[in-house]
Structure formats: structure tokens, C-alpha cells
Amino acid sequence: MQFVRNRLDYLFRSTRGLTLVAIAVVSLITAIFGTLSGPMVEWGIRDVVVRVLKMELVQAAREGRIIMLYHTIAMTIVAIEVYFMTEILPMKRYEQVIINGTMTVGYLTAVVFGLLFAYWGHNFIYHGLFLLGQSLVFFAGILLSAALFPWRKEYRLPADSPYAQTKSGLDLERTAFFVMAVSTLLSASFGAVTGSYWGNGHETFLAEDLIRNPFKTFLQKAIIGHLHIMLTLVAVAITLIVGRWLKFKGILHRIAMPLMIFGTIIITFGALSVVWVEWAHTTIYVGSVGVMLAALMFVIYSWDMLIKEGTADIVRPTGWQKFKALLRDPIKFGPGWQMVFMNFTVSGVGIFMAVKLTEIFRVWPHREERIILTGHWHILASLIATIILFYFADLSGLKGKARKWFGWTVIIMSNIAFASVTVFSMKRLFVTEAEQQNVVNWTMLLTDIGLGLVLVVLAVFMLWRLYDLLQAKGWWRQEYNAERKSSAQAEIEEQKRKLKELEETLKEVEK
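Residues numbered from 1 in each chain as written. Predicted model: local features only at pLDDT ≥ 70, side-chain atom pairs only at ≥ 80, totals over all residues. Heavy atoms only, no water.

S.K.: Honestly, the overall build of the protein chain in this entry has me stumped. Any pointers?
M.R.: Across its full length, the protein chain holds 17 helices and zero strands. Relative to the 2.2 N^0.38 estimate, which gives 24 Å for 511 residues, the radius of gyration of the protein chain is 24 Å and therefore close to what a compact globule would have. Overall, the C-alpha framework of the protein chain stretches about 85 × 65 × 55 Å when taken along its three principal axes. Taking all 511 residues of the protein chain together, the buried fraction comes to 49%. Residue pairs at least 24 apart in sequence account for 74% of intrachain contacts in the protein chain once pairs closer than 6 positions are excluded. Here the protein chain has roughly 26200 Å² of accessible surface; of this, 68% comes from carbon and sulfur atoms. (Helix = DSSP H or I, 4+ residues; strand = E, 2+ residues; numbered from the N terminus. Rg over C-alpha atoms; globule rule 2.2 N^0.38 Å. Buried < 20%, exposed > 50% of the residue type's maximum accessible area, 1.4 Å probe, protein only. Contact = heavy atoms within 4.5 Å. Areas by Shrake-Rupley, 256 points an atom, 1.4 Å probe, with all protein chains shown as cover.)

Here is the structure:
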């Protein structure tokens, strides 16, 4: 019994354990529900899974199923980012416990009952519990925003701090986290209000199906703005998190944080105002420039740091030595590289589409434009997932050859897959429909190989974590003890601060 109790304590009472559970949940969802689409459909695996698990897949409810699936995955990813934030950002212990607890109950409730409703019959009790889970996740977001409030005296930075701050000591990095959290709540409210009209003037749809519809309702525009900004804010959050992980600071940090804050505010305003104004897209472009420049500052800093650390024992390193130092640790090189790579497969493609939309893409069949948009968002979401994996692999103490194999496999295989999807989606630029089959075959094959190997590496990593969890003195024990020690020390400091405040109050009263 003690064996089980210790593991449950670690998994549900420590930040690292909660993160491990959430990553396991996403992995299971990906492994099971990924079999319902190509190429598993062509191989007959989908039929086997549906039959064994007794799923009820009605074609007329396909869009609704996909939306529920996206929401369950998105909330689990948001939960992982929240766990990261409550661990790395200073906050009171009780705030960390309440936020993590509420978030965990919320996302697990939403995942379990959302998937039950979508794939195993439309029992509306499940739907109600799905909404309850989402509400708890939203409430955890309110608690997180309150805990992140950057204007508290105890979170002010000293004048000689290397981190971005105002003259009064306001921590601009913490402010960027706070702005991102509040923007996420605002965007979630947008989706919730629109969702309340389902069946009352609003129907389920996939955004990519409406791209050529010239007349969109306010509610449809609201959903399109909601889904765009939510993924963007998830990307902003992970950029800030990995910046904290790699100790992003100095002059580049002081340039990046104001750009990130104002970029996040402007891009959120632009995405939500798409309901009412035609110039909303211009606003989004302006906000995107701020966010992307902030990410560029992080990439420059992190790569420069890796080079300096890798050549610290060399007096005058050559270009080749610097290059080797940069690539020495794929886990720390990966986040910056994936942000750069994103420009070739997401941002660059998006900008090119916007510039040539009427001249090229609107002339193509609707299916081709739909493929580009679907690939665009899936690549961006997957790149964010790989960056989360890099950070968690480092937290898990991955070292030596295992660290290099894990890091380089994720980088190379994900890049091959995403580059292949990009070529596939843009194929009409350089090949006719009659001659496209070779391009389709090769890009699909490389995509399947790339994604398949990334999933295999993730499976091996998760199996290692499971094996470690069964050991009496595994890595999980070190993580748990380290967190308990850190929490105890933080609690002592908090009690000292409270004692000092009470003593000062008594002195004032006795005067």
C-alpha cells in the first residue's frame, strides 16, 4: 500500500508528477485517436480500433467529434504549461497547490467526459461534465492570473537585476506572463459565449470549411478569432517558459519583454476584433511582429549562450568549434531551432499566402487551400509540442547518449515530417494535378516516417519514465524530494516574512 501511496503522492501532489501525468494523457489520446485518420484508415487499423473500443462514429457528427478532441488536447497542453509556470515563477505555496489542484481536476474531467460524449454516444450528462471540467480550467486560469499579478511589492526586482524591469522595479517578464494569462482568459470567454449559442442560431463547423464563404456570421467569426488566438497564446506561453528555463536575460531580454507584452496585447485585440472590423488582420500582423521579434531575441541569446558555454575552455575558438558547441546539446538547441524552422513551414507560408491569396490560392480548387490551412495549424501545434518535450526531457534528467538520441531524433524527424507536409500542401505551385502522384507519394511517406519515429521516441521515453516510477530510488524520488525541500524552504521564508510583518504591526500599535 505504501508503494502505491508514494507513487500517487508524486504523480498528483508534485508539479513534475502532474506534468508527467498530463504528458501521458496527451500521448494516450494521440496513440488511440490518431488511428482514426490516415494512413491508419487505409491500413484497416481504424476499423479494428473502432470495433474493439466500441466507438460510435456517426459521419454527421464528425465536425463535433474533432472539435471535442481538439479541446481535450488543448486543455491538457494548457495544464502542462500552467504546471511549468507554477514551478518556475515565484508564488506562494498555497497558490501553487490550489492552482495545480483545480487545473488537474478540471482538465481530467473535461478530457474523460468530453471524449466519452464525442466517441461513445451523445450522453448529455457527459457533455455537462465536460463543460464543468472546462469551467474549472477557466477558474484555475483566474487563480493563476491573480498569483502572477506583477505589481506586488515582493515581486519587484532590485535595480541591478539583469532581467527586464521598469524604473520602479516592475518585473517585465512576470508582466508578460500575466498579460498572456489574462489574454487567454479573455479568449476562452469569447469561445464560451459563442458556444452558448450552439443549437440557437449557431451550428458546429470546422473553420477551414468556411474560408471561401463570403458571408460569415458574427458567431462564426468569433470562433475563427478564438481558435487562432488560443494557439498563438499557447506559443507565447512556451516561449516565455523556455526563456525562463535557459535564463534569458541581459540587453536582449530588456528588448524582448516589452515587445512580447505589447505584441500579445495587440495580437489578442486583433484576433478578437475580427468579428467587427475589416482591418483586424492588419492589427494581427502588427502584434505578430512584436511577438516574433521577442522570440528572435530569445533565439539569439540562447544560441550565443550555448556557444559560449561550449567553448569556455578555448581561448580563441574557431568557427567550426563554435558550430560544434552550438549543436552539442540538442535538448537546449531544439527550442530555438524549432522557432527558426517555424518560419519556413508556418510563418513564411502564411505570409506568402496572404500576399498571393487572390492571385494564386483562390484560383486553386477549394480542397488545396483547405489542405494548406489544416497543415499550417497542425505544424504549429506540433512544433509547440516538441518544445514542451525538450523542456520536460531536461527536467527528467535525460543525460548522455539518451539525451542526444532523443533530442536529435525529435528535431530531425519532426523537421522532415513538417517540411514534407509543407511541400505536399504547396505542390500545386510546381506540379500539375495530372503529374502530382510522385510528389504525393514521397511527401506522405516521409511524413509518416518522420511522425512515426517521433512517436516511437516519445513512447520509449514514457516507458522509461514508467520503469523509473517502479524503482524505489528512481529519478521520480529525487524530483519529489527536491520539490518537497524547495516547498519547505519557501514556506519557511514565507512564515519569516509574515512574522516580520506582524512584529512591525505590533510595534506600530504600541507606539
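Read on for the rest.
S.K.: For this particular structure, what's the right way to read the nonpolar core?
M.R.: Generally speaking, nonpolar side chains in soluble globular proteins are found buried as a group. Among the nonpolar cores identified, the biggest contains 112 residues, and Tyr107 and Phe406 are the most heavily contacted of them. When residues in this core are grouped by element, the largest group, twelve residues, is from helix α14 (residues 366–395). Not counting chain neighbours up to four residues away, the residues in contact with Tyr107 comprise Val21, Ala22, Val25, Met75, Thr76, Ala79, Tyr83 and Val137. (Core = buried A, V, L, I, M, F, W, Y, C linked by side-chain atoms within 4.5 Å.)

S.K.: Whenever I open this one, a nonpolar patch on the surface confuses me. Can you help?
M.R.: Together, Ile412, Ile416, Trp442, Leu445, Leu446, Ile449, Leu453, Val456 and Val460 give the surface a local cluster of nonpolar side chains, amounting to about 780 Å² of exposed area. Those elements giving two or more residues to the nonpolar patch turn out to be α15 (400–425) and α16 (437–469). It is α16 that provides the largest number of residues to the nonpolar patch, a total of seven residues. Mapping Ile412 onto the fold places it in helix α15. Judged by relative accessible area, which is 42%, Ile412 ranks as partly exposed. (Patch = residues over 30% accessible without salt bridge, like charges linked within 9 Å, V, L, I, M, F, W, Y side chains within 5 Å. Salt bridge = Lys/Arg side-chain N within 4 Å of Asp/Glu carboxyl O.)

S.K.: Where do I start with the packing of aromatic side chains in this structure?
M.R.: Following the criterion strictly, the structure yields 25 aromatic pairs and no others. Residues Phe149 and Phe178 carry aromatic rings whose centres are separated by 5.8 Å and whose planes lie at 85° to one another, so their mutual orientation is edge-to-face. Taken together, the positions of Phe149 in the loop between α6 (124–148) and α7 (172–195) and Phe178 in helix α7 put the pair 29 residues apart, joining distant regions of the chain. Judged by its relative accessible area of 35%, Phe149 is partly exposed. Put simply, the rings of Trp303, Phe333, Trp337, Phe341 and Trp408 touch in pairs and so form one group of aromatic residues. The ring of Phe3 carries the charged tip of Arg7 above its face, separated from the ring centre by 3.7 Å. It is Arg484 that lies over the ring of Tyr480; its NZ or CZ is 5.5 Å from the centre. (Phe/Tyr/Trp six-rings, centres within 6.5 Å; stacked < 30°, edge-to-face > 60°. Lys NZ or Arg CZ within 6 Å of the ring centre and 35° of its normal.)

S.K.: How do you make sense of the pattern of salt bridges when you look at a structure like this?
M.R.: In a structure, side chains of opposite charge can pair up when their charged atoms sit close to one another. Inspection of the entire model under this criterion finds 19 salt bridges. With a closest N to O distance of 3.0 Å, Glu154 and Lys92 form a salt bridge. Of this pair, Glu154 sits in the loop between α6 and α7 while Lys92 sits in the loop between α4 (62–88) and α5 (93–119), and the two are 62 residues apart along the sequence. Beyond isolated ion pairs, a larger network of salt bridges with shared partners links Arg16, Glu87, Arg465 and Glu479.

S.K.: It is not clear to me how the environment of Met55 should be interpreted in this structure. Could you clarify?
M.R.: Looking at the element boundaries, Met55 is found in the loop between α3 (45–53) and α4. Measuring from C-alpha to C-alpha, the distance between Met55 and Leu272 comes to 36 Å, with 217 residues separating the pair along the chain. Once residues lying within four places of it in the same chain are set aside, the contact partners of Met55 are Ile32, Phe33, Leu36, Val49, Val50, Tyr119 and Trp120.

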